[in-house]
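The chain contents come next:
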Amino acid sequence: MRFTKLLRTRPRRPGSDGEHELQERLGTKARADRFYDDQVCHRLLPSMIEFVGRMSMMFVATADGRGECDSSLRAGPEGFLAVLDDGHVAYPEYRGNGVMASLGNIAENPHVGLLMIDFAEDLIGLHVNGTARVVDDADLRGDHPELPVDPVPGRRAELWVVVAVEEAYIHCRKHIPRMVPADRMRSWGTDGVKAKGGDYFGAAARRRTEEQPAELEPVGEAPEPRTEPEPVRGAPEPRARPDEAPADPVAGRAGAGAASWTS
């Protein structure tokens, strides 16, 4: 009788073909395998579930059907990220700018990457990669009636993104800065220009300038040189215009910081 030798083969390694190729080229394969074996989970551990439950912000990475990427921030009070079970995480979609960049990408390509970082206490992060689907609030509550009902207008989600966990693993603390949360008032659901940051980077002002027709100089006359008045010693700094960001990035801004609430 002929016997076939049974070989124990390693399960498919986590990660992409690109990272595997670079590991071979740069000689880091053994170190990467230790990380895969020790840290990459396909379900949320109880310690991960506790970590997710106390997060007040999260970064979301998506890509469209062509692979063009986008990243975004989601924030809310502690507990706004809901762990439905050890294989599913859900986050609410609050009112935004109406572009729907992340949801649009998910409609074409369900693969998402979530990154949660504790900047204040443990200085550690958690990656959750998986496939996402968009669910109406009423439908998700029908399946999970334990979801909290947020009493704050503007923080009542009409849609949720439910992520089926495929990978969950640590983000090391080596380069995570420590930050101190500051309680501030936040204008949830507002369409107020200043409360949303206004034209902080000057993009709208630049576009308006580019769309204006160029002024024609009179023929035969040289334009007068434009000079800026010299500053008066001891004079106060000029105040920013209402459509400009204040010099202090915190002063006068409603809703800066993840640990903020509204009455």
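The preceding data block contains the structure.
Residues numbered from 1 in each chain as written. Predicted model: local features only at pLDDT ≥ 70, side-chain atom pairs only at ≥ 80, totals over all residues. Heavy atoms only, no water.

*Asks:* Looking at this model, I keep getting lost on the packing of helix α1 (residues 17-26) against helix α2 (residues 29-39). Mind explaining?
*Replies:* Angle between the axes and distance between the axes: these two values describe a pair of packed helices. Closest axis-to-axis distance for the α1/α2 pair is 8 Å, and the angle between their directions is 135°. When the axis of α1 is compared with that of α2, the two are oblique. Of the residues in α2, those touching α1 at E19, H20, Q23 and E24 are K29, A32 and Y36. Residues that form the contact of α1 with α2 fall into these classes: 2 nonpolar, 2 polar and 3 charged. (Axes fitted to C-alpha atoms, helices over the stretch in contact; angles between N-to-C directions. Helix = DSSP H or I, 4+ residues; strand = E, 2+ residues; numbered from the N terminus. Parallel < 35°, antiparallel > 145°, perpendicular 65-115°, else oblique. Contact = heavy atoms within 4.5 Å. Nonpolar A, V, L, I, M, F, W, Y, C, P; charged D, E, K, R; others polar.)

*Asks:* Is there a simple way to explain unusual backbone geometry in this structure?
*Replies:* With glycine set apart, most residues show a phi of negative sign, and most peptide bonds adopt trans. Here the phi dihedral of M100 falls at roughly 60°; this positive angle occurs in a residue that is not glycine. Within the secondary structure, M100 is located in the loop between β4 (88-93) and α4 (101-108).

*Asks:* Sorry, what's going on with the environment of D143 here?
*Replies:* Within the secondary structure, D143 sits in helix α5 (residues 137-143). Assessed through its relative accessible area of 61%, D143 is described here as exposed. Along the sequence, D143 and L84 sit 59 residues apart, while their C-alpha atoms lie 9.7 Å from each other. (Buried < 20%, exposed > 50% of the residue type's maximum accessible area, 1.4 Å probe, protein only.)

*Asks:* Is there a simple way to explain the sheet that holds strand β2 (residues 69-75) in this structure?
*Replies:* Neighbouring strands of a sheet are bound in pairs by backbone hydrogen bonds; such pairs are parallel or else antiparallel. Strand order in this open sheet of 7 strands is β2-β1-β5-β6-β7-β4-β3, and the pairing throughout is antiparallel. In this open sheet, the two edge strands, each paired with only one partner strand, are β2 and β3 (82-85). Strand after strand, the sheet turns through a mean of 35° between neighbouring axes, direction not considered. (Pairing = 2+ DSSP bridges.)

*Asks:* Quick question: what am I supposed to make of the packing of aromatic side chains here?
*Replies:* Two numbers describe a pair of aromatic rings. These are the distance of the centres and the angle of the planes. Enumeration over the complete set of coordinates arrives at 2 aromatic pairs. Ring geometry for F35 and Y169: centres 6.0 Å apart, planes at 85°, overall edge-to-face. With F35 in helix α2 and Y169 in strand β7 (residues 159-171), the pair connects residues that are 134 residues apart, well separated along the chain. For Y169, a relative accessible area of 19% translates into the label buried. (Phe/Tyr/Trp six-rings, centres within 6.5 Å; stacked < 30°, edge-to-face > 60°.)

Read these as geometric descriptors, not functional statements.
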